[in-house]
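Observations on chain architecture
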Amino acid sequence: VFDDADLHRWRPGHDYTARVLRAIAAACRAQPGLNAWYDEAAESRRLFERIDVGIAVDTPEGLLVPVLRDIGGRPTPELRADLERLKRGAHARALGAEELRNFTFMLSNFGTLAGRYATPVVVPPALAILGTGRAREDAVAIAGQLEVHLRMPLSLTFDHRVVTGGEAVRFLAALGAWYRASKRT
């Protein structure tokens, strides 16, 4: 499913990735069924409280997906520092196996390169991946008037064997609500 997040209230130069991670944490709390694994043999879903996000990192040698642990329970500066460490490690091919496994949700921030929408592939046993496209200014109708708002395309792929369409769109709605409620700071 696809939607757009309105970033109109955000200041230019804001740390988009950290805010996307905060929005994912809020949406996973609202719809915990997407922060889970699917056990195909048992045909069951295992929910997780802690949110460990596998983040796609494009390197010259190919894609790596290091895991940013406990995004909902850590301060933003700590998350940002850990994310930068993981990205450096991915580019240097210096990450340990434990830093590349056991994610409970996935993020593909392809918009840093190009593109609006995509259909990112979920890597089992995870059930969902959020793709964020390139933020851009769009004309938006507000109370019968046109305004220019910064908006970020969102693409959510999920395993429909165990995640309902309702859960998926409520997840996107929770993401959008978090973006709208977030302050300019």
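Predicted model, so just to flag it, every value in this text is computed and none were measured. (Residues numbered from 1 in each chain as written. Predicted model: local features only at pLDDT ≥ 70, side-chain atom pairs only at ≥ 80, totals over all residues. Heavy atoms only, no water.)

Quick look at the pairing of strand E9 (residues 128-132)
Consecutive side chains of a regular strand alternate in pointing toward one face of the sheet and then the other. Note the cut-off: Exposure is judged per residue with a 1.4 Å probe applied to protein chains only, and the accessible area is read against the type maximum: over 50% gives exposed, under 20% gives buried, and values in between give partly exposed. Runs of H or I in DSSP of at least four residues are treated as helices and runs of E of at least two as strands, each being numbered from the N terminus. Strands are labelled as partners when DSSP assigns at least two bridges between them.
Along E9, 5 of the 5 residues are buried, which leaves the element largely enclosed by surrounding structure. Alternating positions in E9 separate into two faces, Ala-128, Leu-130 and Thr-132 on one and Ile-129 and Gly-131 on the other, with burial throughout. Pairing between strand E8 (residues 105-108) and E9: 3 bridges, direction parallel. The partner of Met-106 across the bridge, within E9, is Ile-129. Relative to strand E11 (residues 145-158), E9 runs antiparallel, the two being bridged by 5 bridges. Within E11, the residue paired with Ile-129 across the bridge is Thr-157.

Some remarks on the nonpolar core
Heads up, the condition is: In these notes, a set of buried Ala, Val, Leu, Ile, Met, Phe, Trp, Tyr and Cys residues joined through side-chain atoms within 4.5 Å is what counts as a nonpolar core. For this analysis, residues touch if any pair of their heavy atoms sits within 4.5 Å.
Counting residues in each nonpolar core, the largest one holds 42 residues, and the members touching the most others are Ile-24, Phe-105, Leu-130, Leu-175 and Tyr-179. Mapped onto this core, the elements with two or more residues apiece are helix H1 (16-30), strand E2 (36-39), strand E4 (53-55), helix H2 (76-92), E8, E9, E11 and helix H3 (165-181). It is H1 that contributes the most residues to this core, 7 residues altogether. Ignoring sequence-local partners within four residues, the contact set of Leu-130 consists of Val-20, Ile-24, Phe-105, Met-106, Leu-107, Ser-108, Leu-154, Ser-155, Leu-156, Leu-172 and Leu-175. Within the second largest apolar cluster, 7 residues are counted, among which are Val-65, Val-67, Phe-103 and Val-122.

Quick word on H1
What counts is decided by this rule: An expected span of 1.5 Å times one less than the residue number is assigned to each helix. We call two N or O atoms a polar contact when they sit within 3.5 Å, provided that within protein one can donate a hydrogen and the other can accept it, with sequence-adjacent residues counted only if both atoms are side-chain atoms.
Over its 15 residues, H1 runs 21 Å from end to end, which matches the ideal 21 Å to within 8%, given 1.5 Å per residue. Most of H1 sits out of view: 12 of its 15 residues are buried. Its side-chain oxygen at 3.4 Å from the backbone nitrogen of Thr-17, Asp-15 defines the N-terminal cap of H1.

Some thoughts on the packing of H1 against H2
To keep things clear, this is the line we draw: All axes are obtained by fitting lines to C-alpha atoms, using only the stretch in contact for helices, and the reported angles, taken between N-to-C directions, cover 0 to 180 degrees. Helix crossings get a hand from a simple test, with the near helix turned counterclockwise from the far one by less than a right angle marking a left-handed crossing and a clockwise turn marking a right-handed one. For this classification, Asp, Glu, Lys and Arg are treated as charged, while Ala, Val, Leu, Ile, Met, Phe, Trp, Tyr, Cys and Pro are nonpolar and the rest, including Gly, are polar.
The interhelical angle for the contact between H1 and H2, taken along N-to-C directions, is 115 degrees, at an axis separation of 10 Å. In this structure, H1 meets H2 at a crossing whose hand is right-handed. Every residue of H2 that contacts H1 at Thr-17, Ala-18 and Arg-22 is listed here: Thr-76, Leu-79, Arg-80 and Leu-83. When grouped by side-chain class, the residues that make up the contact of H1 with H2 number 3 nonpolar, 2 polar and 2 charged.

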